[in-house]
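Read off the chains here:
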Amino acid sequence: MAVRWGAGGYLRINSAAPAAQGYLPSDNPASLIAWFRMGVGVTITGAGVSSWADQSGNGNDLLQGTDGNRPDYDGTAIITFNGSADFLKCSAFTLNQPTQVSILASQVTWTNNDTLWGGNVGAQVGLTQRVISPNVALFAGNVEFANSDMTVGAFHAVTSLLSGASSSIVVDANAATTGSPGTTAMAGFTLGSRGDGLAGWSNIAVKEIILRNVDDATIRANTEMRLTYVSGWGHGGLTVSG
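What follows covers the side chain of Lys207. Within the secondary structure, Lys207 sits in strand E19 (residues 204–212). A polar atom in the side chain of Lys207 sits 2.6 Å from the backbone oxygen of Ser231.

Put into structure tokens, the structure is as follows:
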């Protein structure tokens, strides 16, 4: 059982927390491409975050060499992108479909066509705010499809599966939205804008991200439990686990 203070000062009890707390992305290393862990490996230079180190051991760090494009960090858990210039980007690496992108994030504000995350190039692949708030839509070169469960102003565990006609978006373990967004490979990862960092900057707050090159429902479920568990951290308050 885990006990901790939730938002508004109420006491939250979660009997499923031990299993969630015990699962680490590194427990399934074969498919793990990158793991940006909450509060770990964040480097501040000048105005903000210059790097967020990949904890998978693959060296796919998120980087930003330009001071004016660096997002803010609260010092413990949350990296916040301003929606006008901030983004972090990995050097290009091989990342073909199937791809699972799991992110613990909040849409601070919502603007049509702003991109939460993208691949390595332009607007070819990504999760984008589309048409009506709070929709986020998945695109990989074909026809996007959207999910409306990621409400603005709250943290959500969101897993996007890019797997051709078997692609899906799941928010907080709700029912999956499915579609066929295309088969374009991500070929890298960009956070807070489209893949080239030149447009689509989003105003988001991020705690943790896990990238995999697999379509595995069990791993997705374990990842969802982990992200849901850690979503209550980073704001202070009492935590008792055991």
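That shown, we press on.
The subject of this paragraph is the confidence of the model for the protein. Per-residue confidence for the protein averages 89 on the pLDDT scale, and 87% of its residues sit at or above 70. Below a pLDDT of 50 lies the segment residues 1–18, which in the model reaches 35 contacts outside its immediate sequence neighbourhood of four places, other chains included. Here residues 234–242 scores under 50 on pLDDT; set against residues more than four positions off or in separate chains, the count is 21 contacts.

The end-to-end C-alpha distance of helix H2 (residues 217–230) is 20 Å, a good match for the 20 Å that 14 residues give at a rise of 1.5 Å each. For H2, the set of buried residues is Ile219, Arg220, Thr223, Glu224, Arg226, Leu227, Tyr229 and Val230. Between a side-chain oxygen at the N-terminus of H2 and the backbone nitrogen of Thr218 the separation is 3.0 Å; the capping residue is Asp216.

This part covers the pairing of strand E11 (residues 115–118). For E11 and strand E12 (residues 126–129), the ladder comprises 3 bridges, and the chain directions are antiparallel. Counted as the bridge partner of Trp117 is Leu127 from E12. Here E11 runs beside strand E18 (residues 190–191); their pairing, made up of 2 bridges, is antiparallel. When the sheet's bridge partners are listed, Gly118 is paired in E18 with Thr190.

Further remarks concern the pairing of strand E5 (residues 48–52). Counting buried positions along E5 yields 5 of 5 residues, so the element is predominantly enclosed. As judged from the 4 bridges shared by strand E4 (residues 42–45) and E5, these two strands associate in the antiparallel manner. Bridging across to E5, Thr45 finds its partner in Gly48. Connecting the antiparallel pair E4 and E5 is a turn made up of 2 residues, with Gly46 showing a positive phi of about 60°. For E5 and strand E6 (residues 62–63), the ladder comprises 2 bridges, and the chain directions are antiparallel. Counterpart to Ser51 in the pairing with E6 is Leu63.

Between Gln97 and the following residue, Pro98, the backbone shows a cis peptide bond with an omega angle of 5°. Among the secondary structure elements, Pro98 is positioned in the loop between strand E9 (88–89) and strand E10 (99–107). Between Ser133 and the following residue, Pro134, the backbone shows a cis peptide bond with an omega angle of 5°. Mapped onto the elements, Pro134 comes out in the loop between E12 and strand E13 (136–139). Its identity is not glycine, yet Ala173 carries a phi of approximately 65°, on the positive side. Relative to the assigned elements, Ala173 resides in the loop between strand E16 (167–171) and strand E17 (177–179).

So, on to the packing of aromatic side chains. Counted by the stated rule, this structure contains 3 aromatic pairs. Centroid distance Phe36 to Trp52: 5.7 Å. Interplanar angle 45°. Geometry classified as tilted. Residue Phe36 is found in strand E3 (residues 32–36), and its partner Trp52 is found in strand E5; the two are separated by 16 residues along the sequence. An angle of 35° between the planes, with centres 6.2 Å apart, marks the rings of Trp117 and Phe189 as tilted. Of this pair, Trp117 sits in strand E11 while Phe189 sits in the loop between E17 and E18; the two residues are 72 residues apart in sequence, bridging distant segments of the chain. The pair formed by Trp117 and Phe189 is uniform in burial state, with each residue classed as buried. Within the aromatic cluster, the residues linked to one another by ring pairs are Phe36, Trp52, Trp117 and Phe189. Above the ring of Phe155, the side-chain terminus of Lys207 is found at 4.5 Å from the ring centroid.

Topologically, Ser166 is positioned in the loop between strand E15 (155–162) and E16. Expressed as a C-alpha distance, the spacing of Ser166 and Gly179, which sit 13 residues apart in the sequence, is 6.6 Å. With residues near it in sequence (within four places) discarded, Ser166 still touches Leu161 and Gly179.

In terms of nonpolar packing, the biggest core is built from 36 residues, with Trp117, Phe189, Leu191 and Ile209 touching the most fellow members. Within the residue set of this core, elements represented by two or more residues are E3, E5, E10, E11, E13, E15, E16 and E19. Element by element, the count of residues in this core is highest for E19, at 4 residues. Residues in contact with Ile209, not counting those within four places in the same chain, are Ala34, Trp35, Phe36, Trp52, Leu62, Ser102, Ile103, Phe189 and Leu191. Membership of the second largest hydrophobic core comes to 12 residues, among which are Met38, Ile210, Leu227 and Val230.

Rules and cut-offs
Numbers given to residues run from 1 along each chain, matching the order in which its sequence is written. Local features in this predicted model are restricted to residues whose pLDDT is 70 or higher, and side-chain atom pairs enter the listing and the counts only when it is 80 or higher, whereas totals over whole chains, interfaces and linings include all residues. The side-chain numbers reported here are obtained from all heavy atoms of the structure, hydrogens and water having been left aside. By the criteria applied, helices consist of DSSP H or I runs no shorter than four residues and strands consist of E runs no shorter than two, each listed in order from the N terminus. For the purposes of these results, a polar contact is taken to be a pair of N or O atoms within 3.5 Å, where, inside protein, one atom must be able to donate a hydrogen and its partner to accept one; residues adjacent in sequence count only when each atom of the pair is a side-chain atom. Every residue is assigned a pLDDT by the predictor, reflecting its confidence on a scale from 0 to 100. Any two residues having at least one pair of non-hydrogen atoms within 4.5 Å are treated as being in contact. Expected span, for any helix, means 1.5 Å times one less than how many residues it has. The cut-offs for exposure are 20% and 50% of the maximum accessible area for each residue type, with area from a 1.4 Å probe on protein chains only; residues under the lower value are buried, those over the upper are exposed, and the others partly exposed. Here, a strand pair is defined by DSSP locating no fewer than two bridges between the strands. Stacked, edge-to-face and tilted labels apply to pairs of Phe, Tyr and Trp rings (six-membered ring for Trp) whose centres lie within 6.5 Å, assigned for plane angles under 30 degrees, over 60, and everything in between, in that order. Each ring is checked for a lysine NZ or an arginine CZ that lies within 6 Å of its centre and within 35 degrees of its normal; such an atom marks a charge sitting over the ring. Here, nonpolar core means buried Ala, Val, Leu, Ile, Met, Phe, Trp, Tyr and Cys residues that are tied together by side-chain atoms lying within 4.5 Å of each other.

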